[in-house]
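If you want the building blocks of each chain, they are given just below.
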Amino acid sequence: MHWAEEIAQKIIARNPDKEVYVCAAGISPSGSVHIGNFRDVATPLFVVKALQRAGKKAKLLFSWDEYDRCRKIPANVREVVGDAYDKYIGVPYVDIPDPWGTHENYAKHFEAEFLEAMKQFGIELDCRYQADMYRSGAYTDDIIEALKKRNEIFEILDSFKTKDPDKTPEELKEEHDREKEAYYPVSIFCPVCHTDFTTITGLSEDCTEADYTCRCGHSGHFNFLKEHECKLGWKVDWPMRWRYEGVDFEPGGKDHAAPTGSYANAKIISKEIFGYEAPIFQGYEFIGIKGMTGKMSSSSGLNLTPQTLLKLYQPEIILWLYSKTDPTKAFDFCFDDGILRQYFEFDKMLNDCRQGVATEAIRTIMANCLIDGREIKTVPMSLLVQLGSIVDFNVPVLETVFKKINTPYTYADFADRLERAKFWLEECAPDQVNKLRLTRNFEHYNGLDERERQEISLLHDYIARGGYTLDELNTALYDIPKQVYPELADSKELRPIQGTFFKNVYKLLIDKEQGPRLYLFLYAIDSAKYVALLDFSTPQTEEEAKIDAQGDEQTAEESCQADLQTQGEPAGEPDPVSPVKEQITIDDFNTLDLRVCKILKAETLRKSNACLKLTLFDGIGERVIMSSIKSYYEPQALVGRKIIVVANLKPNRICNVNSQGMLLAATNNACGCKVIFVDDSVPEGTCIH
């Protein structure tokens, strides 16, 4: 059963006759809404869908907490306004001007940004704007109720506080009594400076009026029945709104889900102060980002909003990642080639559903993420990237190539993915872009023997003549080595010769030893753009030498930078090959529990010069191992990778850490230590046989 359906069943069992179930989410528009916050929306969204599939009415209630106080100015705003907005610390977001001047206020700017993205997901939100709710007086009775019970609220909140062990019981009681006397569950916004840096100094017996002072020097009198420029503290505001809206379910980040987190506090306040049974709660893990490579990096100020991810992912695939992953489990948005595997897995699940061979679990996952009015064409993303790179994303040429390789996709089929493929390739993986050289590669050509040069000459002449079909070109590429090595024409020894020929062509054209399928590459590009790169009948020109020299200088600089970032000992002569050890039986081997684990976290320890502390998910739960690979790998490069671990190795204490297993790696003087990584498609917990 899908995790959302399990939650839906609990909701129904708890209140089976409720007319409309309310699943809630909320975000403070403190800045651009990060994709991590999207889990706060996706989780109740899928529960709403599960309730509706069960024949119940349900809605997704979304609270814009725009009446929250500004705590800090985010980096992208500070880039626009500098320090000018520091004066708004403590002011409700709804009362701060829009830094860009395009919306009514600061809060509306970021709300509009997020809501525009939600349209692409087909998500309908029943929005509550908390500034409007407070200022309309909707919560007046609740605020007064909280003030009347302020002592009880304080005791609940205080019970979760960690006491100072260095203080005596008498000192702790004195501190408790002093704080209790000064505690009020509501903050008043100053009418002069508009901040909440106010202190209530007196409260009327019926809790409807208060005296207060502000750090700006203003003093005033506040009538809670007539004035509404005030707000309950978060741990009181949250349960108050549960009762007001009749909330049945609401998720929250794992910080809220902690034993002493906001939900634990609010749950008790909800029941004991407001007389409302707290909604079912689901804590969720945070989202990871894998492979911030190329032009897109954290240092570039990249803002990982839903809008940003929609440049890479179709909205259905973003929803799919959330749907298929239990809220308590983390997952990664991939900026490296892991995104291609995610597209592949999504396409497979969708095609299985369309062909009627999907499991019930997969059908539920896909039901959560498909959007009305949109039809997904499962054109392989990896193929779009590969072919798009070849033809510079020229649509008519792409259609021609697809037709030639017997996959006659049209622009209507791949339009929704094409720009995303281009964006990923150019912004996230520029190293994978295949660009033709500007000059002939004499450095590589001069290292070829006579027969290898003859192969290049034959290929040049064939391309120059033209008039061939795609299939004929493919045949010619394999036949050229046969012409040069006729004695090997019917021998298995020809295969490595053909492989070397292909590598030589790649090196001469794109300066790489491999690339897209060569016959597609040569056929898709206008031959006039590259045929001269295969012609070595004339000597190198001065202009070519000058361009190559400039390229060498740039390469040397890049190499130097790479050397500075590389860890580990330089490669040396390979170790002598050890003799095969004494034979064992299959039963002996089966005593080893070798399983695939995913690295969730990699950390250095000051106590160890050799080890990294790796936190892994082994398919069942988390485990920690200490591994002496610190000299060979940067911690951040390991996060998200999958490895093989001896899971049933007896735990060992290393640097005061209980190491629960050992990873598999190859160690040799020629290469140092190389961890054995596993393809991302292999699920965690898979046993190695």
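## Here's the deal with the overall build of the chain
If you tally the helices and strands in the chain, you get 26 helices and 22 strands. Along the longest, intermediate and shortest principal axes, the C-alpha atoms of the chain span 105 × 60 × 55 Å. Counting over 689 residues, the chain shows a buried share of 47%. In the chain, 69% of the contacts between residues at least 6 apart in sequence involve partners at least 24 apart. Summed over all atoms, the accessible surface of the chain reaches about 35500 Å², with 49% contributed by carbon and sulfur. In the chain, the 81 positive side-chain charges and the 108 negative ones have mean positions that sit 3 Å from each other.

## Concerning helix α16 (residues 381-390)
Most of α16 is tucked away: eight of the ten residues are buried. Taken together, the buried positions of α16 are occupied by M381, L383, L384, V385, L387, G388, S389 and I390. Packed against the buried residues of α16 are α14 (338-354), α17 (395-404), α18 (411-428) and α23 (518-524).

## Regarding the sheet that holds strand β6 (residues 209-214)
Through backbone hydrogen bonds, the strands of a sheet pair up, either in parallel or in antiparallel fashion. The antiparallel open sheet is built from three strands, whose spatial order is β5-β6-β7. Only two strands of the sheet have a single neighbouring strand rather than two, namely β5 (198-203) and β7 (219-223). Here the average twist between neighbouring strands, direction ignored, is 30°.

## Points about the nonpolar core
One finds F38, I123, Y313, Y322 and F333 to be the most contacted residues of the largest nonpolar core, which totals 115 residues. By residue number, the principal contributor to this core is helix α2 (residues 39-53), which donates eight residues. Beyond its immediate sequence surroundings of up to four residues, Y322 is in contact with W3, I35, F38, R39, A42, F46, I287, F331 and F333.

## Concerning empty space enclosed by the protein
Under the criterion given, the structure shown has two cavities of 30 Å³ or more. Its volume calculated, the largest cavity comes out at about 40 Å³. Taken together, Y134, Y139, T140, I143, F224, E227, H228 and C230 make up the full set of residues lining the largest cavity. The residue makeup of the lining of the largest cavity, split by class, is five nonpolar, two polar and one charged. Taken as a whole, the second largest cavity spans an internal volume of roughly 30 Å³.

## What to know about a negative patch on the surface
Taken together, the side chains of D164, D166, E170, E171 and E174 present a region of like negative charge at the surface. By the secondary structure assignment, E171 is in helix α8 (residues 169-182).

## Considerations on the side chain of N105
Within the secondary structure layout, N105 lies in the loop between α3 (75-81) and α4 (106-120). Judged by its relative accessible area of 5%, N105 falls in the buried class. With residues up to four places along the chain from it excluded, the contact list for N105 reads Y93, V94, I96, P97 and D98.

## Brief notes about the pattern of salt bridges
Side-chain pairs of opposite charge can arise whenever the charged atoms involved come near each other. Evaluation of the coordinates by the stated rule reveals 45 salt bridges. A salt bridge links K59 to D126, with the nearest nitrogen and oxygen atoms 3.4 Å apart. Placement of the pair is K59 in strand β2 (residues 57-64) and D126 in strand β3 (residues 126-129), with a sequence separation of 67 residues. Here D126 falls in the partly exposed class, since its relative accessible area comes to 26%.

## Side note on the pairing of strand β13 (residues 594-604)
Where β13 lies against strand β16 (residues 642-646), five bridges are found, and the strand directions are antiparallel. Bridge pairing in β16 places V596 opposite I644. Judged from the six bridges that link them, β13 and strand β14 (residues 612-617) form a sheet pairing that is antiparallel. When the bridges of β14 are listed, T604 appears paired with L612.

## A short note on the pairing of β7
Across five bridges, the pairing between β6 and β7 is antiparallel. Residue Y212 lies in a different strand from β7, and its bridge partner there is G220. Where β6 folds back onto β7 in an antiparallel hairpin, the turn is made up of four residues, including G217, whose phi is positive at roughly 105°.

## Observations regarding the confidence of the model for the chain
When pLDDT is averaged along the chain, the result is 89; 94% of the residues meet or exceed 70. Under a pLDDT of 50 for its full length, residues 293-302 has, in the predicted model, 22 contacts with residues more than four places off or in other chains. Contacts for the low-pLDDT stretch residues 555-571, under 50 throughout, to residues beyond four places or in other chains number twelve contacts.

## Digging into the packing of aromatic side chains
Each pair of aromatic rings is reported with the distance of its centres and the angle of its planes. Per the counting criterion, the structure on display carries 37 aromatic pairs. Seen in terms of ring centroids, W238 and Y263 are 6.3 Å apart; in terms of plane orientation they differ by 70°. Their pairing is edge-to-face. Linking W238 in helix α9 (residues 234-245) with Y263 in helix α11 (residues 262-272), this pair joins segments that are 25 residues apart in sequence. Here W238 falls in the buried class, since its relative accessible area comes to 3%. Judged by relative accessible area, Y263 falls into the buried class, the value being 13%. Ring geometry for F501 versus F502: centroids 6.0 Å apart, planes at 75°, classification edge-to-face. What makes F502 buried here is its relative accessible area of 15%. An aromatic cluster of three or more residues is present, and its members are F38, F121, Y313, Y322, F331, F333 and Y343.

Cut-offs used in this document
Residues numbered from 1 in each chain as written. Predicted model: local features only at pLDDT ≥ 70, side-chain atom pairs only at ≥ 80, totals over all residues. Heavy atoms only, no water. Helix = DSSP H or I, 4+ residues; strand = E, 2+ residues; numbered from the N terminus. Buried < 20%, exposed > 50% of the residue type's maximum accessible area, 1.4 Å probe, protein only. Contact = heavy atoms within 4.5 Å. Areas by Shrake-Rupley, 256 points an atom, 1.4 Å probe, with all protein chains shown as cover. Lys, Arg positive; Asp, Glu negative; His and termini not counted. Charge placed at Lys NZ, Arg CZ, Asp CG, Glu CD. Pairing = 2+ DSSP bridges. Axes fitted to C-alpha atoms, helices over the stretch in contact; angles between N-to-C directions. Core = buried A, V, L, I, M, F, W, Y, C linked by side-chain atoms within 4.5 Å. 1 Å grid on protein atoms, 1.4 Å probe; cavity = no way out; pocket = protein on both sides within 12 Å on 5 of 7 lines; lining within 4 Å. Points joined across faces, edges and corners; volume = space filled by probe spheres on them. Nonpolar A, V, L, I, M, F, W, Y, C, P; charged D, E, K, R; others polar. Patch = residues over 30% accessible without salt bridge, like charges linked within 9 Å, V, L, I, M, F, W, Y side chains within 5 Å. Salt bridge = Lys/Arg side-chain N within 4 Å of Asp/Glu carboxyl O. pLDDT = per-residue confidence, 0-100. Phe/Tyr/Trp six-rings, centres within 6.5 Å; stacked < 30°, edge-to-face > 60°.

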